[in-house]
Amino acid sequence: MKRGIKVLLFVLGAIVLLIGGIIVVFIVSMTPDAEQEEKVTKQAEEYMSKHFDHEFKIYDTLYDNMGNFEFEYAAKVRDIEGEIDFLVYESGTTSSMTDTYASEKWTKQLEEELERDVRETFKDSHRFFVYLDPREGPKLSLEHPGRYDEAEIEPAIHIEVARERNDEDEELVNGFVDVMKERDLITDGKVFLDYIDNGGEILDDSLIVEL
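On a predicted model such as this, the values are computed, not experimentally measured, just so you know.

S.K.: Got a minute to help me understand the pattern of salt bridges in this structure?
M.R.: When the charged atoms of two side chains with opposite charge come close together, those side chains can pair. Under the counting rule described, the total for this entry stands at 10 salt bridges. The partner of arginine 127 in a salt bridge is glutamate 160, with the nearest N and O atoms 3.0 Å apart. Here glutamate 160 lies in strand β6 (residues 156-161) and arginine 127 lies in strand β5 (residues 125-131), a separation of 33 residues in the sequence. Since its relative accessible area comes to 11%, glutamate 160 is described here as buried. Measuring nitrogen to oxygen at the nearest pair gives 3.2 Å for the salt bridge that ties aspartate 149 to arginine 147. Taking relative accessible area as the criterion, aspartate 149 reaches 42% and is therefore assigned partly exposed.

S.K.: Just to check I follow, could you spell out the packing of helix α3 (residues 101-121) against helix α4 (residues 169-182) for this structure?
M.R.: Each packed pair of helices is defined by two parameters, the angle between the axes and the distance between the axes. Between α3 and α4, the least distance of the axes is 11 Å, while the angle of their chain directions is 150°. In terms of orientation, α3 and α4 fall into the roughly antiparallel class. In the crossing of α3 with α4, the sense of the turn from one axis to the other is right-handed. Note on element contacts: α4 touches α3 through Leu172, Phe176, Val179 and Met180, opposite Leu114, Asp117, Val118 and Thr121.

S.K.: Sorry, what's going on with unusual backbone geometry here?
M.R.: Trans is the common state for peptide bonds, and a negative phi is the common state for residues other than glycine. Phi at glutamate 83 takes a positive value of approximately 55°, unusual for a residue other than glycine. Assignment of secondary structure puts glutamate 83 in the loop between β2 (73-79) and β3 (84-90). The phi dihedral of serine 95 is positive, around 60°, even though this residue is not glycine. As for its placement among the helices and strands, serine 95 is situated in the loop between β3 and β4 (97-99).

Definitions and limits used
Residues numbered from 1 in each chain as written. Predicted model: local features only at pLDDT ≥ 70, side-chain atom pairs only at ≥ 80, totals over all residues. Heavy atoms only, no water. Salt bridge = Lys/Arg side-chain N within 4 Å of Asp/Glu carboxyl O. Helix = DSSP H or I, 4+ residues; strand = E, 2+ residues; numbered from the N terminus. Buried < 20%, exposed > 50% of the residue type's maximum accessible area, 1.4 Å probe, protein only. Axes fitted to C-alpha atoms, helices over the stretch in contact; angles between N-to-C directions. Parallel < 35°, antiparallel > 145°, perpendicular 65-115°, else oblique. Left-handed = near helix turned anticlockwise from the far one by under 90°. Contact = heavy atoms within 4.5 Å.

Spelled out as structure tokens, the structure:
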């Protein structure tokens, strides 16, 4: 019986050590490397000084340990004059510094242009946002960002409504698309009508209309 207790204690001890090891590995993987943060901050300062001609501020860093972006470390930068927050990082494909300034600027411009039409068309809209792939920005986006309507972009416009889908929604979205075309706001992209409950949980598949 004593032998059985010893085996049981050994197994329990091994399990505790395994769980502890997993926790330690997880914590380490979630903790950014201070040297890498310092490195990307310095690279961003040099990059911004070369390509940006007015005031900016590097206010933080982003550590992506989940593989959501093409980088592991990025500097968070704010354009003081335009009040635009964006990322500066070393591209994993070109190994050169790049940024998301153009996509963030164009997103802000589009959201400001569309806000009134969204509120008037979708009376029960919860929120809306525009998504632009940062890779759609030009290579030197800080030098030549221009306006969204001067670039060949395909935005994804997401409009959230806190309800279930109804039969009138397709006509509603098509009418919204017609308004955007009449105002020459965008010519390509997609509009997503996203259905959620009051807690933000998805209720139905999005209604998607292509421009």
